[in-house]
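# Working through the structure, step by step
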Amino acid sequence: MPLLAIESTCDETAAAVIGPARDIRSSVVASQEKLHARWRGVVPEVASRAHVERIIPVIDEALARAGVDRRDLVAVAVAVRPGLVGSLLVGLSAAKAIAGALAIPLVGYDHVAAHLYACRLAHGERLRYPCVGLVASGGHTSLFHVHGPLDLERLGGTIDDAAGEAFDKAASLLGLGYPGGPEIERAAREGNPRAFRFPRPLAADR
């Protein structure tokens, strides 16, 4: 019996259908990359409005790809934290409407915990607990001691931006495009590796 999962925490509208054996029957993602390129970063109001336009088509496509009728769903899971408030509200509203209309359970999940659990979906029983998990998404890059699927101990993380956001800001300062990571990588491949000699910090501290 399949479960519908919805994600709308930031600038991507996503839906997936998960089977009872944790098998991913479909996964559909609508990117907003081009919408935010002119500002070289995610604009919350633009993101939430784009989610409104895309959430139902994305869900419909995920169900169609999986060959699943809405009446076959046993539950709806939706990201409820952390994320942009407006974007989260769009996903939660759609999930509540579907769960209410079908009289099936609605399950809220943590976006960061889901990143870590995605490794279990990808690798199955080969991923064993406890383990160390790295999340490079959202407002911060964080390292966790993962005791179990829902038992996370945060070991530390960045004070300011996540790695991706740091790349976006650096690319903007350099006059490069958005998103910053691929643009900086492209510029680095085309550049002169001997132009600067960067010091190696703490080289003697082993």
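What counts, and where the lines are drawn
- Residues numbered from 1 in each chain as written.
- Predicted model: local features only at pLDDT ≥ 70, side-chain atom pairs only at ≥ 80, totals over all residues.
- Heavy atoms only, no water.
- Pairing = 2+ DSSP bridges.
- Helix = DSSP H or I, 4+ residues; strand = E, 2+ residues; numbered from the N terminus.
- Axes fitted to C-alpha atoms, helices over the stretch in contact; angles between N-to-C directions.
- Salt bridge = Lys/Arg side-chain N within 4 Å of Asp/Glu carboxyl O.
- Buried < 20%, exposed > 50% of the residue type's maximum accessible area, 1.4 Å probe, protein only.
- Contact = heavy atoms within 4.5 Å.

We now examine the sheet that holds strand β6 (residues 131-137). Neighbouring strands of a sheet are bound in pairs by backbone hydrogen bonds; such pairs are parallel or else antiparallel. The 3 strands are arranged β6-β7-β8 in an open sheet whose pairing can be described as antiparallel. The strands lining the two open edges of the sheet, one partner per strand, are β6 and β8 (151-157). The mean inter-strand angle of the sheet, taken between neighbouring strand axes irrespective of direction, is 30°. With 7 bridges joining them, β6 and strand β7 (residues 140-148) adopt antiparallel strand pairing. By the bridge assignment for β7, Val-132 is matched with His-145.

Pairs may arise between side chains of opposite charge once their charged atoms sit close together. The full count for this structure, using the stated rule, is 11 salt bridges. Among the salt bridges present, the one from Asp-23 reaches Arg-25, with a minimum N-O distance of 3.3 Å. With its nearest N and O atoms 2.4 Å apart, the salt bridge here joins Arg-65 to Glu-61. Of this pair, Arg-65 and Glu-61 are both found in helix α2 (residues 44-66), 4 residues apart, which corresponds to roughly one turn of the helix. Assessed through its relative accessible area of 34%, Glu-61 is described here as partly exposed. Linked through salt bridges whose partners overlap, the residues forming this network are Arg-22, Arg-120 and Glu-125.

Let us look at the sheet that holds strand β1 (residues 3-7). In spatial order, the strands read β3-β2-β1-β4-β5; together these 5 strands make up an open sheet with mixed pairing. Strands with a single pairing partner mark the edges of an open sheet, and in this sheet they are β3 (24-31) and β5 (106-110). The mean angle between the axes of side-by-side strands here comes to 20°, regardless of whether they run parallel or antiparallel. With 5 bridges joining them, β1 and strand β2 (residues 12-18) adopt antiparallel strand pairing. Paired with Glu-7 across the strands is Ala-14, a residue of β2. Seen against the sheet, helix α3 (residues 85-102) touches β1, β4 (75-81) and β5 and runs at an angle of roughly 160° to β4. Where helix α4 (residues 111-123) meets the sheet, its contacts fall on β1, β3, β4 and β5, and the angle it forms with β5 comes to roughly 95°.

Moving on, we come to the pairing of β4. A large share of β4 lies buried, amounting to 5 of its 7 residues. Sheet topology note: the β1/β4 ladder contains 4 bridges and is parallel. Within β4, the position partnered with Leu-3 by the bridge is Ala-75. One ladder, built from 5 bridges, connects β4 with β5; its direction is parallel. Looking at the pairing, Val-76 lines up with Leu-106 of β5.

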